[in-house]
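Breakdown of the fold
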Amino acid sequence: MQDSLMQGEKVLTGARLVLADQVMLGSVRLRDGRIVDIDAGRMRLPGAIDLEGDHLLPGLVELHTDNHERHAMPRPGVQQPAWSAVQAHDAEIAAAGITTVFDAIGIGDPYRRGFRGRDQSEMLAVLDALDEAGVLRADHRLHLRCELPADNALELFEPYAGHPRLGLMSLMDHTPGQRQWSDLVRARLYFTSKKGWSGQQFDQEIARPHGPGSERGRRAEANRGAFVALARALGVALASHDDTTAAHVDEAHALGASICEFPTTLEAARRAADLGLLTLGGAPNLLRGHSHAGNVPVAALVEAGVRNRAL
C-alpha cells in the first residue's frame with residue numbers, strides 16, 4: 001500500500017479480513033467507495049480508521065427473508081403503517097451485515113386470510129420515497145413469493161409487474177400435505193398453533209382433493225403457467241420453493257427456474273445440483289442444525305457435497 005492517502009481515499013486497518021480462502025489481520029484501501037488494495041498487517045497512516053481486530057467482510061446478500069412481514073403484521077390482525085414497518089425492517093437488516101436484501105412478499109393466500117392474502121404494494125411507494133430521501137441503509141429489491149393455489153395471486157401480483165426493484169419470483173404451495181408440509185404431524189402442529197386452525201378444520205383441509213384434476217390443482221397449474229410467462233416476459237429470475245422430490249426439480253428446471261429454494265430432501269437437492277440449479281438454504285436452519293418443519297438440515301446438504309454457489 002502507498003504510505004499516504006489520496007483525495008477520496010479511506011483506509012480501514014487493524015481488521016480481521018474475511019477473504020474467499022482465509023481470515024487475516026490486514027488493511028483495506030478504498031477509493032471513491034471501491035476497494036483498490038488489500039494488504040496484510042496494520043497501516044499507521046494519518047486518517048486511517050483502526051477497527052481494533054473487528055471482522056470486516058463483504059456485505060451479505062439476503063435472497064429470502066420474511067422479516068418485513070413480521071414488522072408489517074407483528075400480531076395476528078394487527079398491521080403497522082408501511083413507513084414504520086419498512087424502516088424497522090431496514091434497520092435490522094443492516095445491523096445483521098446485509099447490504100442487499102430481496103424483501104420476500106407473499107403473493108396470495110389459498111384461504112384469503114392474513115397478510116399474504118391482501119394487497120401490500122403500498123410498500124413500493126414507501127421504499128422509493130425512503131430511498132430518495134437517503135435514509136435506507138440497505139439496497140432493497142423484491143422477491144415475490146407466488147402462492148400457486150391462491151385464487152387472488154395474479155391480481156395481487158399486478159402492482160409489482162415491471163417495477164425496477166423486482167428481481168426474483170418463486171413458485172410455492174404451502175397447503176398442508178404438500179412439499180414443506182408433507183409431514184402431516186408437523187403440519188398439524190403448525191396450522192393449529194401459528195395459523196389458529198382447529199383440529200377439525202385441519203382434517204377437513206387434508207380430506208380435500210389436491211391432485212391435478214381437482215379445483216385447487218387446476219388453479220395451481222393455471223397460475224404456474226401464468227407466473228412462468230410473467231417471469232420470462234419481465235426478465236426476472238425464477239425459483240422453485242420447497243422441492244421435495246426429483247420430479248419437482250425436473251419440473252422446475254423444465255419451466256426455466258435457476259434456483260432450487262429450500263429443498264426439503266437430500267434427493268431434491270442432489271437432483272438440483274445435477275441439473276445446475278443454484279441451491280438456496282436457510283441461515284436459521286444452518287445455525288439451529290435442523291429445519292423447523294422437519295426437512296433436511298442445510299448442514300447435511302453441505303456434508304453431502306450437493307451445495308451450489310448460492311448456498
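Look a little higher up for the structure.
**Thoughts on the pattern of salt bridges**
Once the charged atoms of two side chains with opposite charge are near each other, the side chains can pair. Inspection of every chain in the model, using the stated rule, returns 14 salt bridges. Its salt-bridge partner being R137, residue D90 comes within 3.5 Å of it at the nearest N-O pair. With a gap of 47 residues between them, D90 in helix α2 (residues 82-95) and R137 in the loop between α3 (122-132) and β8 (139-147) connect regions that are remote in the sequence. You can call R137 exposed: its relative accessible area is 56%. Residues R141 and D139 are paired through a salt bridge, measuring 2.8 Å at the closest nitrogen-oxygen approach. Linked by salt bridges that have partners in common, D66, E69, R116 and R145 make up one network.

**Focus: the sheet that holds strand β11 (residues 259-261)**
Pairing in this open sheet of seven strands is parallel, and the strands run β6-β7-β8-β9-β10-β11-β12 from one edge to the other. On the outer flanks of this sheet lie β6 (60-65) and β12 (278-280), each paired with one strand and no other. Pairwise comparison of adjacent strand axes, ignoring direction, gives a mean angle of 25° for this sheet. Of the strand pairs in this sheet, β6 and strand β7 (residues 98-107) are connected by four bridges, and their pairing is parallel. Within β7, the residue paired with T65 across the bridge is D103. This element, α3, spans β7 and β8 of the sheet and lies at about 170° to β8.

**What about the nonpolar core?**
Residues I107, L142, F157, M169 and F227 are the most contacted members of the largest nonpolar core, which totals 30 residues. Those elements that place two or more of their residues in this core are α2, β7, α3, β8, α4 (153-157), β9 (166-172) and α7 (215-234). Per element, the largest residue contribution to this core is five residues, and it comes from α3. In contact with M169, not counting residues within four places along its chain, are H143, L144, C146, F157, F227, L230, A231, V236, A237, L238 and A239. Listed in part, the seven residues of the second largest apolar core include A15, M24, V28 and L51.

**Overview of the pairing of strand β10 (residues 237-241)**
Among the five residues that make up β10, four are buried, leaving the element largely enclosed by the rest of the structure. Where β9 lies against β10, four bridges are found, and the strand directions are parallel. For S170, the partnering residue across the bridge sits in β10 and is A239. The pairing of β10 with β11 spans three bridges and is parallel. The residue bridging H241 from the neighbouring strand is E261, located in β11. You can see the chain leave β10, run along helix α8 (residues 246-255) and come back into β11, and the turn it takes is right-handed.

**Let's talk about the packing of α8 against helix α9 (residues 266-275)**
For the pair α8 and α9, the least separation of the axes is 8 Å and the interaxial angle reads 35°. The interaxial crossing formed by α8 with α9 has right-handed handedness. Residues A246, V249, D250 and H253 of α8 touch α9, and the partners they reach there are E267, A268, R271, A272 and L275.

**Re the pairing of β7**
Judged by how many residues are buried, β7 sits mostly within the fold: nine of 10 residues are covered. Summarising the sheet, β7 and β8 pair through eight bridges and their orientation is parallel. Across the sheet, residue A104 finds its bridge partner in β8, namely H143.

**Some thoughts on the environment of A150**
Take A150: it is sitting in the loop between β8 and α4. Judged by its relative accessible area of 0%, A150 falls in the buried class. Each C-alpha atom, one on A150 and one on A220, is 7.5 Å from the other, the two residues being 70 residues apart in sequence. Discounting chain neighbours no more than four positions away, the residues touching A150 are G108, D109, P110, R219 and N223.

Thresholds applied
Residues numbered from 1 in each chain as written. Predicted model: local features only at pLDDT ≥ 70, side-chain atom pairs only at ≥ 80, totals over all residues. Heavy atoms only, no water. Salt bridge = Lys/Arg side-chain N within 4 Å of Asp/Glu carboxyl O. Helix = DSSP H or I, 4+ residues; strand = E, 2+ residues; numbered from the N terminus. Buried < 20%, exposed > 50% of the residue type's maximum accessible area, 1.4 Å probe, protein only. Pairing = 2+ DSSP bridges. Axes fitted to C-alpha atoms, helices over the stretch in contact; angles between N-to-C directions. Contact = heavy atoms within 4.5 Å. Core = buried A, V, L, I, M, F, W, Y, C linked by side-chain atoms within 4.5 Å. Right-handed = clockwise from strand over helix to strand, strands pointing away. Left-handed = near helix turned anticlockwise from the far one by under 90°.

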